[in-house]
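# Observations on the three-dimensional arrangement
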Amino acid sequence: MRQYSRSAAAAVALAATARAASSSSLSSVCTVANVQAALPANGTLNGISMIPSTVTAKTATSGSTDYCAVSVSYVHTGTTNEIELNYAFPSPDDFSNRFYVAGGFGYSLSSTATGGLDYGAVGGATSAGYGALNGTTVDEVNLAGNGTINWDPIYMFAYQALGELTTIGKPITRAFYGLDDDAKVYTYYEGCSDGGRQGMSQIQRYGDEYDGAIIGAPAFRYGQQQVNHLFSSVVEQTLGYYPPTCEMEKIVNATIDACDPLDGRTDGVISRSDLCQLEFNLTSIIGESYYCAAETSTSLGFNFNKRNDGTSTSYTPAQSGNVTAEGVAVAQAIYDGLFNSAGERAYLSYQIGAEFTDGETSYDNSTGTWGVDIPSTGGEFVTRFIELVELSNLDNLNNAMVRYMDTLQTTLPDLTTFKSSGGKILHYHGESDPSVPTASSIHYWQSVKSIMYPGISTSKAIDDMKSWYQLYLVPGAAHCGRNTLQPNGPFPEDNMATMIKWVESGVQPTGLNATVDAGTYDGEVQSLCQFPKRPLWKNDKWTCESDEEGADTFYYTFPAFKVPIY
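One structure accompanies this document, and this report is about it.

Quick notes on the rules
- Residues numbered from 1 in each chain as written.
- Predicted model: local features only at pLDDT ≥ 70, side-chain atom pairs only at ≥ 80, totals over all residues.
- Heavy atoms only, no water.
- Helix = DSSP H or I, 4+ residues; strand = E, 2+ residues; numbered from the N terminus.
- Rg over C-alpha atoms; globule rule 2.2 N^0.38 Å.
- Buried < 20%, exposed > 50% of the residue type's maximum accessible area, 1.4 Å probe, protein only.
- Contact = heavy atoms within 4.5 Å.
- Areas by Shrake-Rupley, 256 points an atom, 1.4 Å probe, with all protein chains shown as cover.
- Lys, Arg positive; Asp, Glu negative; His and termini not counted.
- Charge placed at Lys NZ, Arg CZ, Asp CG, Glu CD.
- Axes fitted to C-alpha atoms, helices over the stretch in contact; angles between N-to-C directions.
- Left-handed = near helix turned anticlockwise from the far one by under 90°.
- Nonpolar A, V, L, I, M, F, W, Y, C, P; charged D, E, K, R; others polar.
- Expected span 1.5 Å × (residues − 1).
- Disulfide = S-S within 2.5 Å.
- Pairing = 2+ DSSP bridges.
- Parallel < 35°, antiparallel > 145°, perpendicular 65-115°, else oblique.
- Patch = residues over 30% accessible without salt bridge, like charges linked within 9 Å, V, L, I, M, F, W, Y side chains within 5 Å.
- Salt bridge = Lys/Arg side-chain N within 4 Å of Asp/Glu carboxyl O.
- Core = buried A, V, L, I, M, F, W, Y, C linked by side-chain atoms within 4.5 Å.
- 1 Å grid on protein atoms, 1.4 Å probe; cavity = no way out; pocket = protein on both sides within 12 Å on 5 of 7 lines; lining within 4 Å.
- Points joined across faces, edges and corners; volume = space filled by probe spheres on them.
- Phe/Tyr/Trp six-rings, centres within 6.5 Å; stacked < 30°, edge-to-face > 60°.
- Lys NZ or Arg CZ within 6 Å of the ring centre and 35° of its normal.

### Comments concerning the overall build of the protein
Helices and strands together make up the secondary structure of the protein, namely 17 helices and 24 strands. Against the compact-globule benchmark of 24 Å for 566 residues, the protein has a radius of gyration of 25 Å, which places it among compact chains. A principal-axis box enclosing the C-alpha atoms of the protein has dimensions of 75 × 60 × 50 Å. Relative to its 566 residues, the protein shows a buried fraction of 55%. Long-range contacts, defined here as pairs at least 24 residues apart, represent 70% of the contacts in the protein between residues at least 6 apart. Element-wise, carbon and sulfur atoms account for 48% of the exposed surface of the protein, whose accessible area totals about 22700 Å². Charged side chains of the protein number 31 positive and 60 negative; the gap between the two group centres comes to 10 Å.

### Brief notes about the packing of helix α8 (residues 245-259) against helix α10 (residues 325-336)
Their axes nearest at 10 Å, the elements α8 and α10 cross at an angle of 60 degrees. Crossing angle aside, the handedness with which α8 passes α10 is right-handed. On α10, the residues touching Glu247, Met248, Ile251 and Val252 of α8 are Gly327, Val328, Val330, Ala331, Ile334 and Tyr335. Class assignment for the residues of the contact of α8 with α10 results in eight nonpolar, one polar and one charged.

### Overview of α8
End to end, α8 covers 21 Å across 15 residues, agreeing with the expected 21 Å (1.5 Å per residue, within 8%). When we look at burial in α8, the residues that qualify are Thr245, Cys246, Glu247, Met248, Ile251, Val252, Ala254, Thr255, Ile256 and Cys259. Where the residues of α8 are buried, they touch α9 (273-279), β10 (289-292), β13 (319-322), α10 and β17 (369-371).

### Things to note about the state of the cysteines
Under the criterion given, the structure shown has five disulfides. The residue that forms a disulfide with Cys259 is Cys276, at a sulfur-sulfur distance of 2.0 Å. One disulfide, between Cys259 and Cys276, carries an S-S torsion of 65 degrees and so falls in the right-handed class. Note that Cys259 is positioned in helix α8 and Cys276 in helix α9, a separation of 17 residues in sequence. Cysteines bonded in the protein are numbered consecutively along the chain; their disulfide partners then correspond to 1-2, 3-8, 4-7, 5-6, 9-10.

### Looking at helix α16 (residues 495-505)
Of all the eleven residues making up α16, eight are buried; the element is thus mostly covered by neighbouring parts of the structure. Among the structural elements, β4 (98-102), β8 (186-192), β9 (212-216), β18 (424-430), β19 (469-474) and β21 (512-516) are those in contact with the buried residues of α16.

### A word on the sheet that holds strand β2 (residues 65-76)
Reading across the sheet, the nine strands line up as β1-β2-β3-β5-β4-β8-β9-β18-β19 and stay open at both edges, with mixed pairing between neighbours. Both edges of this open sheet fall to β1 (48-62) and β19, since each of them pairs with a single strand only. Sheet twist, expressed as the mean angle between neighbouring strand axes with direction ignored, is 20 degrees. Where β4 meets β8, five bridges bridge the pair, whose relative direction is parallel. Following the sheet pairing, Ala102 is matched in β8 by Glu190. Packing against the sheet, helix α4 (residues 151-176) makes contact with β1, β2, β3 (83-90), β4, β5 (121-126) and β8, and its axis sits at approximately 45 degrees to β3.

### Topic: the packing of helix α14 (residues 438-452) against helix α15 (residues 458-465)
Two elements in contact, α14 and α15, have axes separated by 10 Å at closest approach and are oriented at 105 degrees. Classified by the angle their axes make, α14 and α15 are roughly perpendicular. Of α15, the residues touching α14 (which contributes Trp445, Val448 and Lys449) are Thr458, Ala461, Ile462 and Met465. When its residues are assigned to classes, the contact of α14 with α15 shows five nonpolar, one polar and one charged.

### Regarding a negative patch on the surface
On the surface, a cluster of negative charge is made up of Glu249, Glu295, Glu360 and Asp373. Position of Glu360 among the secondary structure elements: in the loop between β15 (345-347) and β16 (362-364).

### Quick word on the nonpolar core
The biggest cluster of nonpolar side chains holds 82 residues, and the ones touching the most others in it are Tyr87, Phe89, Trp468 and Tyr469. Excluding its chain neighbours within four sequence positions, the residues that come into contact with Tyr469 are Met200, Ile425, His427, Tyr444, Trp445, Val448 and Trp502. Phe231, Val252, Ala254 and Val328 belong to the second largest nonpolar core, which has 25 residues in total.

### A short note on empty space enclosed by the protein
For the structure shown, the criterion picks out three cavities of 30 Å³ or more. In this structure, the largest cavity encloses a volume near 120 Å³. Together, 14 residues line the largest cavity, and Leu473, Pro475, Leu528, Cys529 and Pro535 are the ones closest to its centre.

### Points about the packing of aromatic side chains
Applying the stated criterion across every chain yields a total of 27 aromatic pairs. Considering the side-chain rings of Trp445 and Phe531, the 5.5 Å spacing of their centres and the 85 degrees angle between planes classify their relative orientation as edge-to-face. With a gap of 86 residues between them, Trp445 in helix α14 and Phe531 in the loop between β22 (525-528) and β23 (534-538) connect regions that are remote in the sequence. On the accessibility criterion, Phe531 (5% relative accessible area) is buried. Through a chain of ring-to-ring contacts, the aromatic side chains of Tyr107, Trp151, Tyr155, Phe157, Tyr159, Tyr222, Phe381, Phe385 and Tyr404 assemble into a single cluster. Over the face of the ring belonging to Tyr159 we find Arg205, whose NZ or CZ atom lies 3.8 Å from the ring centre. For the cation-ring pair, Arg265 lies above Trp537, with the distance from its terminal atom to the ring centre recorded as 4.5 Å.

### So, the environment of Ile214
Its place among the elements puts Ile214 in strand β9. A sequence separation of 19 residues divides Ile214 from Gly195, and the C-alpha atoms of the two residues are 10.0 Å apart.

### A look at the pairing of β18
Counting buried positions over the seven residues of β18 gives seven, a clear majority of the element. When β9 meets β18, the two strands line up parallel, connected through five bridges. Following the sheet pairing, Ala213 is matched in β18 by Ile425. Bridge count for β18 against β19 is six bridges, and the pairing is parallel. By the bridge assignment, His427 is partnered in β19 with Leu471.

### Digging into the sheet that holds β21
Strand pairing in a sheet is mediated by backbone hydrogen bonds. Such pairs are either parallel or antiparallel. Overall, antiparallel pairing links the three strands, which are arranged β20-β21-β22 in an open sheet. Each end of this open sheet is capped by a strand with a single partner; those strands are β20 (490-491) and β22. As paired elements, β20 and β21 share two bridges and run antiparallel to each other. Bridge pairing links Pro490 to Val516 in β21.

On their own, these measurements won't tell you what the molecule is for.
The following block contains the structure:
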């Protein structure tokens, strides 16, 4: 990637190209002819052959913003499967020399191209060659037939489609606005959950294309992460106890009440799950009473395929009783995480105080008993991606990590290309995430530190990392959002503004702004702590302090595997 200095001459040149672009009207640049002329010539991007005859261009409006909606297709050189790209080009007056890529969720890629308009950025979306623009999810097309993996869509979903969307889109952007070939176009990525994993795939494999990446709760390490969704059900089956949903809710809420004050402020939020793990014993809840009214509820699936998205509606009767030793044993085993038969740790689990989403049981009205309720997040992954069939059996959990090591695992720890190109990462994760364990993000951050900073002290490595890679835990937050069980918790809402200042103006964040929108502290903006520092309420304000014992509770090794788990 061409390196750009921040000299006065470079700034003048950039301003000149921006003025040249803004002198044109939207209607004058939003033409098929202009887009066709802007396409990179075939042969300039290895493996990419553009199809100029597929270009469409028309003015459109998103909210109150006018833009040029462009569509164009390409093929991988030597093949015939067309991949459609959609781009949204802001008016030349609004264009700020930026390109924006948004992540999807579940097994979906983002299907809208307009996400960058608020930032004066060109945005894009891709069909990935299997209909992603129309909502087709990769699990609909991952099998060519029972027992046979259809690898092309998996590679495209895993990383290739977004990488090509970007490498094609940036030269089109320069030419569309009449910029010089070497004009700087700041390129940003933003996504959470699998959208976070998709973002990690981009900075791992296309590091010199991106300037900034905002990564939330990335669902990487598929071989462990997706199968981990089944772990809670396995715990219940192994211990032979299927706790009523109300009992588990009581255990979580009692834990929140007990651990809330450990951070120094009683506000209904566990800001220090590490202290909760060190100082609180779940057995103290045994015997406490619980009650839940009867209800009819709908649980959301993982947005797998459109034929079966995992949603279900169920009726549960009124529940009352006292927390049992068996229920606490289930909760503790889930929080402890997965071990093999030799007692060696195989994977981590959720922070204490996180909701037991994967451990929810189902009520059988015909027998009046509670039983296992396998979540679609794990069940369908095992059947379609591991057993390679469309049946719902779970007999074989072998080879998940190895099979998708070079695609969905997404844990390459060497980010040298991204770092050396000047790239920045804002990585955040809800501390009470019940879907992707919070420590999963910390483990990857640790892996990057150990691979990229061998032989130097931890303090020096951390000090250098914060100049380009910052990790934040969001107190009380759930998966990619606020937590209904801890509604007074903060959540970051202006990440792109922070990233743009960092990348374009050199303003390195010292914290990440997060806003409270409920309760006594509604409207309060907290500055989240960069991990490994931990928050503490002292002298009527939040401080970030070093606490090695607390930070150590987030660190794991996995001796059950004989290969490194990054």
